[in-house]
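Understanding the architecture of this molecule
Each chain, letter by letter, is given below.
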Amino acid sequence: MSDFNYQNNGGYYNYSYTPPPKKQKKKRKFGFFKVLLCCVLSAVIGAGSAFCVFTILNKNKTVPQTTNEPVLEQNNVNINVDEEAASVVEAVAKKVTPSVIGIRTTTSVMSFFGDQEASGEGSGVIYRKDGYIITNYHVIADGVTNRADTKIEVFLDTANSKSYPATVVGYNISADLAVIKINAKNLPAIEVTDSSKLKAGQYVITVGNPGGLEFMDSVTYGVISGLDRVVSSDSDVSLIQTDAAINPGNSGGALVNTKGQLVGINSSKIVAEEFEGMGFAVPSNTVVEICDKIIKNENSPEPFLGVTVSERYTSKVLAYYGFPSGAVVLSVTEGSPAYNAGIRRGDIITKFAGKEIKEYSKLEEYLKKCKVGQKVDATIYRNGNYYSTTVLIGSNNLVE
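Residues numbered from 1 in each chain as written. Predicted model: local features only at pLDDT ≥ 70, side-chain atom pairs only at ≥ 80, totals over all residues. Heavy atoms only, no water.

1. Topic: a nonpolar patch on the surface
On the surface, a nonpolar cluster with roughly 410 Å² of combined accessible area is contributed by Tyr 320, Tyr 321 and Phe 323. Relative to the assigned elements, Phe 323 resides in the loop between α5 (315-320) and β19 (327-332). (Patch = residues over 30% accessible without salt bridge, like charges linked within 9 Å, V, L, I, M, F, W, Y side chains within 5 Å. Areas by Shrake-Rupley, 256 points an atom, 1.4 Å probe, with all protein chains shown as cover. Salt bridge = Lys/Arg side-chain N within 4 Å of Asp/Glu carboxyl O. Helix = DSSP H or I, 4+ residues; strand = E, 2+ residues; numbered from the N terminus.)

Now the structure itself:
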């Protein structure tokens, strides 16, 4: 304390400090080693302190172990992304492939060079174990329009070249669906799920025969790009859009989810450079509804006209625009009874089978009362004029 001088100056203290005289340092042996020892001790103490703090701050946390594989961590579940995707597609292919078959149609045609054969190949899906198979209408269309000269064959797998003769049970041209049947039992029918639960971005897998039977049981995968797509003026059926590869020959094949359940039947593809990667499939709910109806009516065919009608134009809407009441034709299937009778898109069917059509729904009601092979009169309104025609009622299936 003798080194400090305190002076009270009106309640304030002044401090002055006189430094002590410098003492001359004495040289000591082993000074360098003592300094080094202090440094080491300081480092150890510092590391120990840091460890204590880190332990306190991370008391309830665990450190994941490092691996050489890419992993995705969420909710304490580690998923190897690459291996998971590969194993799912592989497992789905193994489950679904036995339920997807190959179809070949062979038609005898007359030409300048004499009788020749024209063939086409596509895919199908085993719907029931007793031989019912779903495919696209256009795959077996020759078996409908030229049934006397067309042979339909079904190939169950690539390992066996044996084919089964198939018959057409029925079809829905507007939805591009058909049911064929082979004489076989205990077939591996595909598992079907509810397509209304699908969401955009969901992974899907296709199994089919792109390019024909040579590439049978090909597998591709992608995502659902969109739902409720209408891509054809000849149909009002809503389709599933996917970027999974769908090529000629894939038609009629299976679109399935990651559980191997059918969500759609591959139907078409927009083939254009600017639309690459846009494939379409008929949703499984639509497939089941239409195909069950076809199978149910196999031996009691429903009358077939071949038109789709717009539900937008009620009698009130038509009257507002100055048109007569009737059923506005949205599309006409080429080669159908309506097409052959001269009915076209945009016509208003005002009379059918001798009865006036007050609302569009009446057309279907009157059609159901007709018989296959019956000729009925119809009146259509087109461009301000009325025209009369005769329609030969067709069948929704092939009954000899």
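After presenting the structure, the write-up continues.
2. Structural notes on unusual backbone geometry
With a phi close to 55 degrees, Asp 176 is a non-glycine residue in the positive phi region. Checked against the element boundaries, Asp 176 lands in the loop between β9 (163-172) and β10 (177-182). Here Asp 217, not a glycine, exhibits a phi torsion of approximately 65 degrees, which is positive. When you line up the elements, Asp 217 lands in the loop between β11 (203-208) and β12 (218-229).

3. As for the nonpolar core
If you look at the biggest cluster of nonpolar residues, it comprises 29 residues, and the most contacted ones within it are Val 96, Leu 177, Ala 254 and Val 256. Elements with a contribution of two residues or more to this core: α2 (81-96), β7 (132-135), β10, β11, β14 (254-256), β15 (262-269), β16 (279-283) and α4 (284-296). Residue contributions to this core peak at five residues, all from α4. If we ignore the near neighbours within four places in the chain, the residues touching Val 96 are Ile 190, Val 207, Ala 254, Val 256 and Gly 260. (Core = buried A, V, L, I, M, F, W, Y, C linked by side-chain atoms within 4.5 Å. Buried < 20%, exposed > 50% of the residue type's maximum accessible area, 1.4 Å probe, protein only. Contact = heavy atoms within 4.5 Å.)

4. What about the pairing of strand β8 (residues 150-155)?
With five of six residues buried, β8 is to be regarded as a mostly interior element. Two elements, β8 and β9, share three bridges in a ladder whose sense is antiparallel. Bridge assignment links Glu 153 to a residue of β9, and that residue is Pro 165. (Pairing = 2+ DSSP bridges.)

5. Points about the packing of aromatic side chains
To describe a pair of aromatic rings, you give the distance between the ring centres and the angle between the ring planes. One pass over the full model with this rule turns up five aromatic pairs. Judged by centre distance (5.2 Å) and plane angle (45 degrees), the rings of Tyr 137 and Tyr 171 are tilted. Here the residue Tyr 137 occupies a position in the loop between β7 and α3 (142-145), and Tyr 171 occupies one in strand β9, the gap between them amounting to 34 residues. Residue class for Tyr 171 comes out buried when judged on its relative accessible area of 11%. Measuring from ring centre to ring centre gives 6.3 Å for Phe 323 and Tyr 381, while their planes differ by 75 degrees; the resulting arrangement is edge-to-face. (Phe/Tyr/Trp six-rings, centres within 6.5 Å; stacked < 30°, edge-to-face > 60°.)

6. Topic: α4
The first and last C-alpha atoms of α4 sit 18 Å apart over 13 residues, in line with the 18 Å expected at 1.5 Å per residue. For α4, the complete set of buried residues consists of Ser 284, Val 287, Ile 290, Cys 291, Ile 294 and Ile 295. For α4, the arc enclosing every buried residue in end-on projection is 135 degrees, short of the 170-degree limit, so these residues lie on one face. Of the exposed residues in α4, those oriented more than 90 degrees away from the buried face are Glu 289 and Lys 296. (Expected span 1.5 Å × (residues − 1). Arc of directions from axis to C-beta.)

7. Structural notes on the confidence of the model for the protein
When pLDDT is averaged along the protein, the result is 77, and 70% of the positions lie at 70 or above. Within the model, pLDDT remains below 50 along residues 1-18, and this stretch shows 16 contacts once partners closer than five positions in the same chain are excluded. Across residues 50-75, where pLDDT falls below 50, the model places twelve contacts with residues more than four positions away in sequence or in other chains. (pLDDT = per-residue confidence, 0-100.)

8. Quick notes on helix α7 (residues 361-368)
The set of residues buried in α7 consists of Leu 363, Tyr 366 and Leu 367. Projection of α7 onto a plane perpendicular to its axis shows the buried side chains occupying an angular sector of 105 degrees, all on one side. Its buried side turned inward, α7 meets β17 (303-304), β18 (307-309), β19, β20 (348-352) and β21 (355-356).

9. Concerning the side chain of Thr 150
Tracing the backbone shows Thr 150 in strand β8. Each residue touching Thr 150, except ones within four places of it in the same chain, is listed here: Thr 105, Thr 106, Thr 107, Asp 142 and Gly 143.

10. Describing the pattern of salt bridges
Under the criterion given, the structure shown has seven salt bridges. Between Arg 128 and Asp 130 there is a salt bridge, with the nearest N and O atoms lying 2.8 Å from each other. On the accessibility criterion, Arg 128 (33% relative accessible area) is partly exposed. By relative accessible area, Asp 130 is classed as partly exposed at 30%.

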